[in-house]
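If you want the building blocks of each chain, they are given just below.
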Amino acid sequence: MKLVIANKNHSSWSLRPWLLLTEFGIPFEEVLIPFGQTFDDPEWKRVISGFTPAGKVPALIDGDIRVWESLAILDHIADTRPDLAIWPRDPAAKAMARSISAEMHAGFQALRGACPMNLAWVHPPRDRGPKVAADVARIAAIWNEARARFGAGGPFLFGAFSAADAMFAPVTARFSGYGIRPDDVCGAYCDAVQATKGYASWRMAAFAEPWIIAEDEADEPVLTDHRSFLSRSRVSP
């Protein structure tokens, strides 16, 4: 399989299937096509359209099969690997996992707009308005319910790592990057996702990227600039 993605620092949708494949140990070839100066760069659109008719990332190429959109890719992986619990095995847990993943796929536009994924920077907490607060409250309710009902078997939403955690992984990045910690359950869950080997590998690769996308450089004070720190750490004494 080939997984076509874009910048690891910015592409939250690319992170989802990449993390799932990595955490489940499913072999794949990564094809990274960096964004242009903006997300609507026509040359980038031309190149990426050679892999997917949607002209967006991610895209999965599995032999003669092409799948685009993160959630569809996760479902395809689940269909082709029934030996793995990509979605929870328990019917009630699976129903909730699939529902909240679809909700994540379609919703939370205020949080996305105010807090674009940018792993290089960490911002201090602040009031980002009632619509963002409503999105955060709903996400916190989802995480708390999943953990309370189905999380006994491990630190993730349904105990063991699943496709639902892959779908919410970029949200944990946003929460950590913008000083958002609704409660201890949410904080522990963010820590668990970001402690996975896959997430840690993705994040370090993101820090090393040279590309800057102005649209995702939030106009807010910065507490930590990982990109700058990594650059300084490479300088020989």
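A quick note: this is a predicted structure, and the numbers were derived from the prediction, not measured.

Focus on unusual backbone geometry
Here's step 1: Cis geometry marks the peptide bond from Val57 to Pro58; its omega dihedral reads 5 degrees.
Here's step 2: Along the chain, Pro58 falls in the loop between helix 2 (42–48) and strand 3 (59–62).
Here's step 3: Positive phi, normally seen in glycine, also occurs at Glu69, with a value near 75 degrees.
Here's step 4: In this structure, Glu69 sits in the loop between strand 4 (65–68) and helix 3 (70–80).
Here's step 5: Taking the relative accessible area as the measure of exposure, Glu69 reaches 35% and is therefore partly exposed.
Here's step 6: One non-glycine residue, Phe108, lies in positive phi territory at about 60 degrees.
Here's step 7: Looking at the secondary structure, you find Phe108 in the loop between helix 4 (91–106) and helix 5 (109–114).

Things to note about the pattern of salt bridges
Here's step 1: In this structure the tally under the stated criterion is six salt bridges.
Here's step 2: Glu43 serves as the salt-bridge partner of Arg46, at 2.6 Å between the closest nitrogen and oxygen. Taken together, the residues span about one helical turn, with Arg46 and Glu43 both in helix 2 at a distance of three residues.
Here's step 3: Arg46 sits in the exposed class, given a relative accessible area of 55%.
Here's step 4: Across the pair Arg98 and Asp75 runs a salt bridge, and its minimum N-O distance is 2.5 Å. With a gap of 23 residues between them, Arg98 in helix 4 and Asp75 in helix 3 connect regions that are remote in the sequence.

Observations regarding the nonpolar core
Most often, soluble globular proteins have nonpolar side chains that are buried together.
Here's step 1: Ranked by internal contacts, the top residues of the largest apolar core, which has 60 residues, are Leu20, Leu111, Trp143, Leu157, Phe158, Phe168 and Phe175.
Here's step 2: Of all elements in the fold, only strand 1 (2–5), helix 1 (12–23), helix 3, helix 4, helix 6 (130–150), helix 7 (163–177), helix 8 (184–194) and helix 9 (197–208) reach the threshold of two or more residues within this core.
Here's step 3: Looking at this core, the element that brings in the most residues is helix 7, giving nine residues.
Here's step 4: Listed in part, the eleven residues of the second largest apolar core include Ala6, Val31, Ile33 and Ile48.

Calculation notes
Residues numbered from 1 in each chain as written. Predicted model: local features only at pLDDT ≥ 70, side-chain atom pairs only at ≥ 80, totals over all residues. Heavy atoms only, no water. Helix = DSSP H or I, 4+ residues; strand = E, 2+ residues; numbered from the N terminus. Buried < 20%, exposed > 50% of the residue type's maximum accessible area, 1.4 Å probe, protein only. Salt bridge = Lys/Arg side-chain N within 4 Å of Asp/Glu carboxyl O. Core = buried A, V, L, I, M, F, W, Y, C linked by side-chain atoms within 4.5 Å.

Any functional reading would require information that these geometric values do not contain.
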